[in-house]
Amino acid sequence: MMTENEKGIFDIITKNLINERLDKTILNNAEYIKIQKKKSECYKKFERLNLVHNERIIIDRLICANTECGSCYGELMYKQGFYDCVSLFKELGLIKTS
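Residues numbered from 1 in each chain as written. Predicted model: local features only at pLDDT ≥ 70, side-chain atom pairs only at ≥ 80, totals over all residues. Heavy atoms only, no water.

Trainee: Would you mind going over the side chain of Lys79 with me for this structure?
Mentor: Mapped onto the secondary structure, Lys79 falls in helix α3 (residues 53-91). The class for Lys79 is buried, based on a relative accessible area of 11%. (Helix = DSSP H or I, 4+ residues; strand = E, 2+ residues; numbered from the N terminus. Buried < 20%, exposed > 50% of the residue type's maximum accessible area, 1.4 Å probe, protein only.)

The structure is reproduced here in structure tokens:
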């Protein structure tokens, strides 16, 4: 189990990796680009609905909440991958515990 200090350092490292290195990887990923185009097409259809301001606000909040949830999920899975990797390295004797 990690100490609070180790968790703080781990959070800083993973946020940096997610925000910088992972972003570069994603932006060059064909599947991600395809999904972005699909999102853009859906947005154009949404614009053509000509919804009133209050309807747009409700939908915007729903989309933001969904995006925030997905972002949190992705970050947690990324961190879990690190935890799993460290656990595997410990089991293989590549990392020694004190």
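Trainee: Mind showing me how you'd approach α3 here?
Mentor: Because an α-helix packs 3.6 residues into every turn, residues spaced three or four apart end up facing the same way. Here α3 spans 57 Å end to end across 39 residues, near enough to the 57 Å set by a 1.5 Å rise per residue. Positive backbone phi, approximately 80°, marks Gly93, located one or two places after α3. (Expected span 1.5 Å × (residues − 1).)

Trainee: I would appreciate a short explanation of the confidence of the model for the protein in the present structure.
Mentor: The predicted coordinates ought not to be read in detail in places where the model reports low pLDDT. Per-residue confidence for the protein gives a mean pLDDT of 88; residues scoring 70 or more make up 95%. Across the protein, the secondary-structure element scoring lowest on mean pLDDT is helix α1 (residues 4-27), at 77, and the one scoring highest is helix α2 (residues 30-48), at 95. (pLDDT = per-residue confidence, 0-100.)

Trainee: What exactly am I supposed to notice about α2 here?
Mentor: For α2, built from 19 residues, the straight-helix expectation of 27 Å at 1.5 Å per residue is met to within 8% by its first-to-last C-alpha distance of 28 Å. Of all 19 residues in α2, 1 are buried; the element is thus mostly exposed. In this structure Asn29 caps α2, since a side-chain oxygen of it lies 2.9 Å from the backbone nitrogen of Glu31. Downstream of α2 by one or two residues, Asn50 has phi in the positive range, about 50°. (Polar contact = N/O pair within 3.5 Å; in protein donor to acceptor, adjacent residues only side chain to side chain.)

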